[in-house]
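Inside the fold
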Amino acid sequence: MTTPPTPATVAGRALSDWSRDGRFGTWHALVPGGDGEPPHGALRIDRALLAPRGARQRLAAAVVAVAKLRLPGVPATVDLVAEAGDVWLLVTRPPVRTVANLLAEGAPGLDEGSAASVLNETAQTLLALHAAGLAHGALAPDRVVLAPDGTALLAEAALATALAADVPTATARQDDITAWAALARTLATAWATPGTPAAELFARCADAADSGDLTTARTTLTTGRAALPQDFLRRTALRTAAAAALAELTRGGPAADAPAQEGADGDETPDGAAPEGATPNGPAADTEETVLGRRGQVPGSAAVPGDQATVLGKRNQSPTAAPVEVADGGHAGDGEDGGILLRFGPGVPLTEEDALRALWAAPKAGPVRKRRRRAGLLGTVSVLAAVAVALWLLLRPTAGPTVTAAEVAAPAQELSCGQTAEVIGVVRTDGRGGPITYRWLRSDGRRSEELTRTARRGEREVTVHLQWTVRGPGLFRGTARLQVLRPAGSPVEAEGSFRYSCA
């Protein structure tokens with residue numbers, strides 16, 4: 001069977017040169033859409049796995065179920081889209097560096113603390129999946145991915161049970177526990193010194209998991225931390241390996257810049273070819289669809305991932321856009337549990353500001369049927385004209401305030417498990433009234449949409465807020481950057497940082 005050539009873009013984003021094989025397809029990296037935005041990962045699902053009846057529906061259900069859990073140990077889902085006959089799972093980070101890579105390369109500095117961090121975080125994620133009635137189903141060292149801060153994430157969660165209908169979920173959960181025990185023994189052999197308390201601790205954890213009790217295995221690990229290096233929560237070696245992975249991504253450019261694309265069968269696609277249109281069974285090039293819906297595009301235009309129909313709800317939705325319909329008649333997602341991106345701060349959208357102005361607009365005067373008391377009417381008209389002039393002076397468009405500076409204050413006290421950081425931004429102006437457009441950029445790669453706060457005349461300080469909740473064990477330094485975009489001029493920025501620690 002001939003493998004179709006890799007397209008140049010997915011969901012309007014160019015593919016970089018980087019790729020690697022996964023169990024369920026091929027992983028690629030999407031080129032960032034703007035400054036400071038991390039590259040997204042894109043898993044091209046093997047078409048043969050989607051051929052059985054109901055496979056696409058099971059895949060969509062599994063992706064939504066995992067995304068709704070918002071687990072810190074799973075790469076956050078961005079979208080699940082179908083283009084040109086292929087189905088792509090888009091996540092916030094490509095799985096560039098895995099535990100399998102570290103084992104094969106013999107990365108320096110990895111020790112008992114590194115093994116403990118990986119085992120603790122993967123066990124925590126598996127337990128959360130199992131408690132939700134799900135299973136990973138394909139746990140192995142090459143499915144354990146390093147996040148930028150060195151934490152261990154489980155890639156391809158729940159895909160095995162979705163794409164292999166003959167595997168019961170209960171069996172997949174037991175397979176997860178068995179695979180975790182094998183991972184514990186593998187890491188103990190590679191990263192722990194034989195005969196040490198740490199090596200014995202990992203052996204006890206693996207034995208507990210072999211008995212089918214992952215909860216006891218993780219409890220054994222966490223209560224035995226005295227056998228581990230004191231600074232193991234810093235994940236120094238794991239962070240270094242993750243940084244090397246990001247550098248590997250930046251060395252590769254978009255795949256569209258290459259002279260030719262090569263498929264698995266060795267065929268080449270010449271420059272200027274359109275793989276989307278060349279697929280006989282795929283939709284036309286001007287049509288984009290999700291697994292749960294379909295929408296038309298303007299011919300020749302690329303979809304913008306920030307404003308497209310998704311399985312998990314529509315992001316950056318315009319006021320007039322209709323919600324995405326799913327097969328069961330409900331909506332694809334909502335702001336509480338269906339979406340991935342959260343709204344930051346109390347900013348007022350421009351549409352709401354326009355609605356507020358409309359409430360103050362004077363109603364149109366009706367026709368005067370009788371011309372009586374002409375002098376009194378002229379007086380009334382004069383008063384109304386004066387009021388209209390006053391309203392025009394108050395509501396006329398102005399250049400808006402001039403932003404002179406910005407400050408960001410983050411919590412000085414270290415946050416503990418599950419706490420929320422209240423980050424406060426102050427925008428200083430020259431006192432003129434008008435809208436101020438801003439956004440928040442977070443060090444974990446998330447960003448808010450553009451928000452608007454209207455400054456009153458004479459108000460020289462405008463306060464905006466960001467609430468940032470951190471969950472899961474480990475050490476974390478979060479930095480929030482406030483970026484003032486408008487009024488026109490050079491963007492004004494300020495940032496603040498906080499620390500998080502959870503054992």
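Read on for an overview of the structure. Remember, predicted model here, so these are calculated numbers, not experimental data. (Residues numbered from 1 in each chain as written. Predicted model: local features only at pLDDT ≥ 70, side-chain atom pairs only at ≥ 80, totals over all residues. Heavy atoms only, no water.)

Comments concerning the nonpolar core
Ranked by size, the top nonpolar core spans 43 residues in total, and within it Val118, Trp180 and Phe202 carry the most contacts. Among the secondary structure elements, those contributing two or more residues to this core are helix H2 (99-105), helix H3 (112-131), strand E7 (144-146), strand E8 (152-154), helix H5 (169-191), helix H6 (197-210), helix H7 (214-223) and helix H8 (236-251). When residues in this core are grouped by element, the largest group, nine residues, is from H5. If near-sequence neighbours (up to four positions away) are discounted, Phe202 is found in contact with Glu112, Ala115, Ala116, Leu119, Ala184, Ala188, Ala192, Leu221 and Leu228. Core analysis: the second largest hydrophobic core is formed by 26 residues, Leu415, Trp440, Phe476 and Val484 among them. (Core = buried A, V, L, I, M, F, W, Y, C linked by side-chain atoms within 4.5 Å. Buried < 20%, exposed > 50% of the residue type's maximum accessible area, 1.4 Å probe, protein only. Helix = DSSP H or I, 4+ residues; strand = E, 2+ residues; numbered from the N terminus. Contact = heavy atoms within 4.5 Å.)

Considering the pattern of salt bridges
Where charged atoms from two side chains of opposite charge approach closely, those side chains can pair. Scanning the entire structure with this criterion turns up 15 salt bridges. Across the pair Asp444 and Arg442 runs a salt bridge, and its minimum N-O distance is 2.5 Å. The closest approach of N and O atoms between Glu493 and Arg481, which form a salt bridge, is 3.7 Å. With Glu493 in strand E19 (residues 492-502) and Arg481 in strand E18 (residues 474-486), this pair connects stretches of sequence that are 12 residues apart. The exposure class assigned to Glu493 is partly exposed, which follows from its relative accessible area of 39%. Owing to a relative accessible area of 31%, Arg481 belongs among the partly exposed residues under this scheme. Sharing partners across several salt bridges, the network here consists of Arg44, Arg47 and Asp86. (Salt bridge = Lys/Arg side-chain N within 4 Å of Asp/Glu carboxyl O.)

Looking at the sheet that holds strand E16 (residues 451-455)
Neighbouring strands of a sheet are bound in pairs by backbone hydrogen bonds; such pairs are parallel or else antiparallel. Within the open sheet, the four strands sit side by side as E16-E15-E18-E19. Their pairing is antiparallel. This sheet does not close on itself; its edge strands, each paired only once, are E16 and E19. Across the sheet, the mean angle separating the axes of adjacent strands is 25° when strand polarity is ignored. Across 11 bridges, E18 lies against E19 in antiparallel orientation. Residue pairing in the sheet places Phe476 in a bridge with Tyr500 of E19. (Pairing = 2+ DSSP bridges. Axes fitted to C-alpha atoms, helices over the stretch in contact; angles between N-to-C directions.)

Some details on the packing of H3 against H5
For the pair H3 and H5, interaxial distance at closest approach is 10 Å and the crossing angle is 175°. Classified by the angle between their axes, H3 and H5 sit roughly antiparallel to one another. Contact residues: Glu112, Ser114, Ala115, Val118, Leu119, Thr122, Ala123, Leu126 and His130 in H3; Arg173, Asp176, Ile177, Trp180, Leu183, Ala184, Leu187 and Trp191 in H5. Taken together, the residues of the contact of H3 with H5 sort by class into 11 nonpolar, three polar and three charged. (Parallel < 35°, antiparallel > 145°, perpendicular 65-115°, else oblique. Nonpolar A, V, L, I, M, F, W, Y, C, P; charged D, E, K, R; others polar.)

Some thoughts on unusual backbone geometry
A positive phi angle, near 50°, is found at Arg70, a position not held by glycine. Within the element layout of this structure, Arg70 appears in the loop between helix H1 (55-69) and strand E5 (77-83). Looking at Arg70, the relative accessible area reads 36%, which means it is partly exposed.

A short note on H6
Between its first and last C-alpha atoms H6 spans 20 Å; for 14 residues at 1.5 Å apiece the expected length is 20 Å, and the two agree. When we look at burial in H6, the residues that qualify are Ala198, Ala199, Leu201, Phe202, Cys205, Ala206, Ala208 and Ala209. Buried positions along H6 lie against H3, H5 and H7. Two residues or fewer past H6, Gly212 is found with a positive phi of approximately 95°. (Expected span 1.5 Å × (residues − 1).)

Some details on the sheet that holds strand E17 (residues 461-469)
Taken in spatial order, the three strands of this open sheet run E13-E14-E17, and their pairing is antiparallel. With one partner strand each, in any of the chains shown, strand E13 (403-409) and E17 form the two edges of the open sheet. Mean inter-strand twist for the sheet, computed between neighbouring axes without regard to direction, equals 20°. Where E13 meets strand E14 (residues 420-429), six bridges bridge the pair, whose relative direction is antiparallel. Each residue of the ladder has a partner; that of Val403, found in E14, is Thr429.

Let's talk about the state of the cysteines
Tallying each qualifying case throughout the model produces one disulfide. Covalently, Cys417 is tied to Cys502 through a disulfide, its sulfur atoms 1.9 Å apart. One quick way to see it: the torsion about the S-S bond of Cys417 and Cys502 is about 100°, and its sign makes the bridge right-handed. With Cys417 in the loop between E13 and E14 and Cys502 in strand E19, this residue pair connects regions lying 85 residues apart in the sequence. The buried category is assigned to Cys502, whose relative accessible area is 7%. (Disulfide = S-S within 2.5 Å.)

Some thoughts on the side chain of Ser16
Note on placement: Ser16 falls in strand E2 (residues 13-21). On the basis of relative accessible area, Ser16 is assigned to the buried category, the value being 8%. Polar contacts involving the side chain of Ser16 include one to the main-chain amide nitrogen of Trp18, which spans 3.3 Å. (Polar contact = N/O pair within 3.5 Å; in protein donor to acceptor, adjacent residues only side chain to side chain.)

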